[in-house]
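Each chain, written out:
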Amino acid sequence: MKNLVTVLAIVLALAWSCSSENGFEKAYNSINSNDLATYVSALASDEFMGRAPFTKGEEITINYLADQLKAIGYEPAFNGSYFQEVPLVEIVSKMDKPVVIKAQKGRFTFSSPENIAITSPWVTDKIVISESEMVFAGFGITAPEYSWNDFDGLDVEGKTIVVLVNDPGLYTENGDLFKGREMTYYGRWTYKFEEAARRGAKGILIVHETEGAGYSYDIPRNSCMTPNLFMQTENGNSDKCMFSGWIEAEAAKSLFSNLGYDIDKLRMEACDPGFTGFDMESAITLTINNNYKLNTSTNVAGVLRGTARPDEVVIYSGHWDHFGIGEKQDGDSIYNGAVDNGTTMAMIFEIGEAFKQLSSVPDRSVMLFFPTAEEQGLLGSKYYTENPAFDINKTIANINNDLVLPIGRMRDVMITGYGQSELDDLIGEAALKQDRYLFPDPNAHTGMYFRSDHFSFALKGIPSLYARGNCDSREFGKEWAAEMEADYIANKYHKAADNYYPEIWDFSGIVEDAQLAFEIGYKLVTSDIYPKWKEGSEFKNIKK
Ligand SMILES: [Zn+2]
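Residues numbered from 1 in each chain as written. Predicted model: local features only at pLDDT ≥ 70, side-chain atom pairs only at ≥ 80, totals over all residues. Heavy atoms only, no water.

> Can you break down the pairing of strand S4 (residues 106-110) residue by residue, with the values?
As paired elements, strand S3 (residues 99-103) and S4 share five bridges and run antiparallel to each other. What sits directly across from Lys102, in S4, is Arg107. The turn joining S3 and S4, which pair antiparallel and follow one another in sequence, is formed by two residues. (Pairing = 2+ DSSP bridges. Helix = DSSP H or I, 4+ residues; strand = E, 2+ residues; numbered from the N terminus.)

Here is the structure:
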């Protein structure tokens with residue numbers, strides 16, 4: 001034991017001397033609460049008007065971000081500009097009349113948005129679906145690595161598919177089936193919409209179920225009534241399904257019982273690898289009026305150019321956008337988004353400044369990236385990965401964050417998407433130095449890994465990390481931390497009350513999280529490490 005301790009001490013001392021040579025410790029310790037507070041108090045101030053895309057708030061925000069990047073010595077990332085224009089289209093879909101489904105034994109009239117929540121991504125005024133044949137396609141998943149194909153033996157071309165939310169692992173709790181309770185990408189509605197389009201389906205409806213979705217039916221219900229943002233494409237999104245949406249649980253229950261199925265039993269049957277979907281012998285009719293507006297938003301990024309291999313890059317990201325000015329809540333109508341995502345943007349600037357403190361510029365480049373339209377479906381980051389400033393093959397890693405709580409020093413480092421890539425091992429080493437432990441996101445079944453910007457990078461095969469202290473307060477323990485998080489989610493998340501409260505905020509935990517993220521990035525930009533996806537990750541087979 002004593003020998004082991006000695007060896008460890010030597011190893012640590014060596015590691016220490018290597019890093020301090022380059023002023024690493026000084027840079028690491030330069031990250032501090034006061035600076036973080038300065039950034040947050042600006043970004044979450046009323047002057048920024050809630051940072052909504054296409055508004056005056058966008059202009060103020062992106063100019064502030066560019067000015068700060070310049071001030072800390074980062075050069076423009078996009079051909080001499082800090083800005084990348086992101087062409088978007090805003091669509092409001094309105095159902096003309098109730099949706100009619102003609103089934104074998106009767107006719108269903110479902111009203112929107114109470115029973116069914118449908119939108120169309122097509123950039124066109126009117127979408128008319130007349131008696132489209134319906135097919136039940138299980139979970140709507142094609143996953144070769146799990147030898148799973150819900151479309152085997154089904155003809156869905158030009159038809160409307162009805163599928164279940166999440167994946168079979170959740171419902172069977174069988175750890176060998178997909179990832180057990182943890183949601184894989186195949187469980188997300190975005191995947192199901194994409195796969196339906198790849199299969200040539202005309203429309204897709206997901207049967208809502210609260211646990212599997214990770215949220216109540218209120219979420220799709222509300223979002224089908226508000227404007228939805230999409231990327232502007234040459235084909236006006238005609239490569240996507242003509243309509244997509246959700247059917248509320250009770251409505252689905254009545255429809256399937258008419259066909260002779262109990263939806264809950266059917267869900268369990270669909271978890272069997274031998275299950276095949278079926279023709280529902282039903283037809284759906286609906287009309288959607290689309291009101292659309294073309295508009296351009298902006299990604300912002302700055303670069304610290306590497307010396308030896310400047311074309312290789314590590315990207316730190318945190319979305320700048322939030323919800324702007326909306327419905328008045330307790331006398332406040334500005335949705336300031338202090339935690340969503342002010343704290344992360346502050347961290348990124350502090351990390352960026354730390355890199356500048358090093359006595360020599362690292363071999364690889366560092367990019368600080370503030371994507372737009374995250375709240376609307378990760379659109380800014382998606383656009384960036386389609387139009388990158390650095391070759392995707394030479395993008396070493398993405399380190400993203402979102403919703404970092406200002407509740408003091410935490411013992412845990414919660415990783416959303418734990419076990420996906422070797423970045424976990426790097427953060428593990430850095431966490432140990434801070435006397436912290438890694439902790440898989442306890443709510444992995446809600447698919448948070450697929451709900452912030454790192455996911456856009458993951459889809460391109462770039463290892464991506466989403467990690468922060470969240471569950472175990474050094475001072476007050478786990479229960480207290482859970483209460484703080486629950487309070488944030490219930491009372492502030494996506495609400496006007498997501499403000500900066502200088503009198504109660506404690507930045508000390510965010511300092512440690514920023515230091516962790518700095519250390520991982522430091523290791524990557526001063527070495528030739530190419531972190532890889534781990535065995536069993538659904539991103540392992542994506543060709544960069
Ligand atoms: Zn966010």
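> Could you give me a rundown of the coordination of the zinc ion, with the residues and numbers involved?
The protein atoms that coordinate the zinc ion are His319 (NE2), Asp340 (OD), Asp402 (OD) and Asp402 (OD), at distances of 2.0 to 2.6 Å. Look at where the donors of the zinc ion fall in the sequence and you get H-x20-D-x61-D. Here His319 is found in the loop between strand S14 (309-317) and strand S15 (324-329), whereas its partner Asp340 is found in helix H11 (residues 338-357), with 21 residues between them in sequence. A single burial state applies to His319 and to Asp340, both of which are buried. (Donors = N, O, S within 2.8 Å, 3.2 Å for Na, K, Ca; no water. Buried < 20%, exposed > 50% of the residue type's maximum accessible area, 1.4 Å probe, protein only.)

> I'd like to hear about the pairing of S3, residue by residue, with values.
The buried fraction of S3 amounts to four of the five residues, a majority that puts the element mostly inside the structure. Sheet topology note: the S3/strand S13 (residues 278-304) ladder contains three bridges and is antiparallel. By the bridge assignment, Val100 is partnered in S13 with Thr285.

> Can you tell me about the pattern of salt bridges, naming the residues and giving the values?
It is possible for side chains bearing opposite charge to pair when their charged atoms get close. As enumerated under the stated definition, the model contains 28 salt bridges in all. For the salt bridge of Arg409 with Glu512, the shortest nitrogen-to-oxygen distance reads 3.1 Å. Of this pair, Arg409 sits in the loop between strand S18 (395-400) and strand S19 (412-415) while Glu512 sits in helix H16 (residues 508-525), and the two are 103 residues apart along the sequence. The class of Arg409 is partly exposed, set by a relative accessible area of 39%. Measuring nitrogen to oxygen at the nearest pair gives 3.1 Å for the salt bridge that ties Asp425 to Lys534. Placement of the pair is Asp425 in helix H13 (residues 423-433) and Lys534 in the segment after H16, with a sequence separation of 109 residues. Residue Asp425 is classed as partly exposed on the basis of its relative accessible area of 40%. Judged by relative accessible area, which is 25%, Lys534 ranks as partly exposed. Within the structure, one salt-bridge network assembled from shared partners comprises Glu25, Glu429, Lys433, Glu519 and Lys523. (Salt bridge = Lys/Arg side-chain N within 4 Å of Asp/Glu carboxyl O.)

> Mind laying out the environment of Asp513, listing which residues take part and the relevant values?
Structurally, the position occupied by Asp513 is in helix H16. Each C-alpha atom, one on Asp513 and one on Gly175, is 31 Å from the other, the two residues being 338 residues apart in sequence. Dropping the residues within four chain positions of it, Asp513 is found in contact with Met347, Val404, Arg436, Arg468 and Gly469. (Contact = heavy atoms within 4.5 Å.)

> So what's going on with helix H3 (residues 33-43)? Which residues, and what values?
Residues of H3 that are buried include every one of Leu36, Ala37, Tyr39, Val40, Ala42 and Leu43, and no others. Those residues of H3 that are buried are in contact with helix H4 (56-71), H11 and H16. For H3, the side-chain oxygen to backbone nitrogen distance between the N-cap and Asn34 is 3.1 Å, and the N-cap itself is Asn32. (Polar contact = N/O pair within 3.5 Å; in protein donor to acceptor, adjacent residues only side chain to side chain.)

> Which residues make up the nonpolar core, and what are the values?
With 74 residues, the main nonpolar core has Ile161 and Phe256 as its most contacted residues. Leave out the neighbours within four places in its chain, and Phe256 touches Phe136, Val162, Val207, Tyr261, Ile263, Leu266, Phe278 and Met280. In terms of nonpolar packing, the next biggest core, distinct from the first, is built from 73 residues, Ala44, Phe48, Val339 and Phe370 among them. (Core = buried A, V, L, I, M, F, W, Y, C linked by side-chain atoms within 4.5 Å.)

> Which residues make up the domain arrangement of the protein chain, and what values go with them?
Domain boundaries in the protein chain define domain 1 (46-76 + 305-525) and domain 2 (90-289). Taking only C-alpha atoms, the centre of domain 1 and the centre of domain 2 are 32 Å apart. Taken together, domain 1 and domain 2 are joined by zero salt bridges. Across the contact surface, domain 1 and domain 2 share two residue pairs in polar contact (both at pLDDT 80 or more). The dominant element in the side of domain 1 that touches domain 2, judged by the number of residues it contributes, is helix H12 (residues 379-386), at three residues. Taken together, the residues that form the side of domain 1 that touches domain 2 break down as nine nonpolar, five polar and two charged. (Domains from an automatic or database assignment. Nonpolar A, V, L, I, M, F, W, Y, C, P; charged D, E, K, R; others polar.)

> How would you explain unusual backbone geometry if you had to name every residue and give the values?
The amide bond that connects Ser112 to the next residue, Pro113, takes the cis arrangement and shows omega of 5°. Turning to its location among the elements, Pro113 is positioned in the loop between S4 and strand S5 (116-119). Of note, the amide linkage connecting Asp340 to Asn341 takes the cis form, showing an omega dihedral of 25°. On the secondary structure map, Asn341 appears in helix H11. Despite not being glycine, Asn166 shows a phi value in the positive range, around 65°. With respect to the helices and strands, the residue Asn166 is situated in the loop between strand S9 (160-164) and helix H5 (168-172). The buried category is assigned to Asn166, whose relative accessible area is 0%. The residue Ala373 is not glycine, and still its phi comes out positive at about 50°. The residue Ala373 is located in the loop between strand S17 (364-370) and H12 in this model.

> So what's going on with helix H6 (residues 189-198)? Residues and values would help.
In terms of residue burial, H6 counts as a mostly covered element, since seven of its 10 residues are buried. Listed in full, the buried residues belonging to H6 are Thr190, Tyr191, Lys192, Phe193, Glu195, Ala196 and Ala197. Where the residues of H6 are buried, they touch strand S7 (142-143), S9, strand S10 (203-207) and strand S12 (243-247). Looking one or two places after H6, you find Gly200, whose phi comes out positive at around 80°.

> A description of the packing of H11 against H16 should follow, citing residues and the corresponding values.
Packed helices, taken two at a time, are described by the angle between their axes plus the distance between the axes. At a minimum axis separation of 9 Å, H11 and H16 run at an interaxial angle of 50°. Here H11 lies oblique to H16, going by the angle between them. Relative to H16, H11 is oriented so that their crossing is right-handed. Across from Thr343, Met347, Ile351, Ala354 and Phe355 in H11, the residues of H16 making contact are Ile510, Asp513, Ala514, Ala517, Phe518, Gly521, Tyr522 and Val525. Residues belonging to the contact of H11 with H16 are distributed by class as follows: 10 nonpolar, two polar and one charged. (Axes fitted to C-alpha atoms, helices over the stretch in contact; angles between N-to-C directions. Parallel < 35°, antiparallel > 145°, perpendicular 65-115°, else oblique. Left-handed = near helix turned anticlockwise from the far one by under 90°.)

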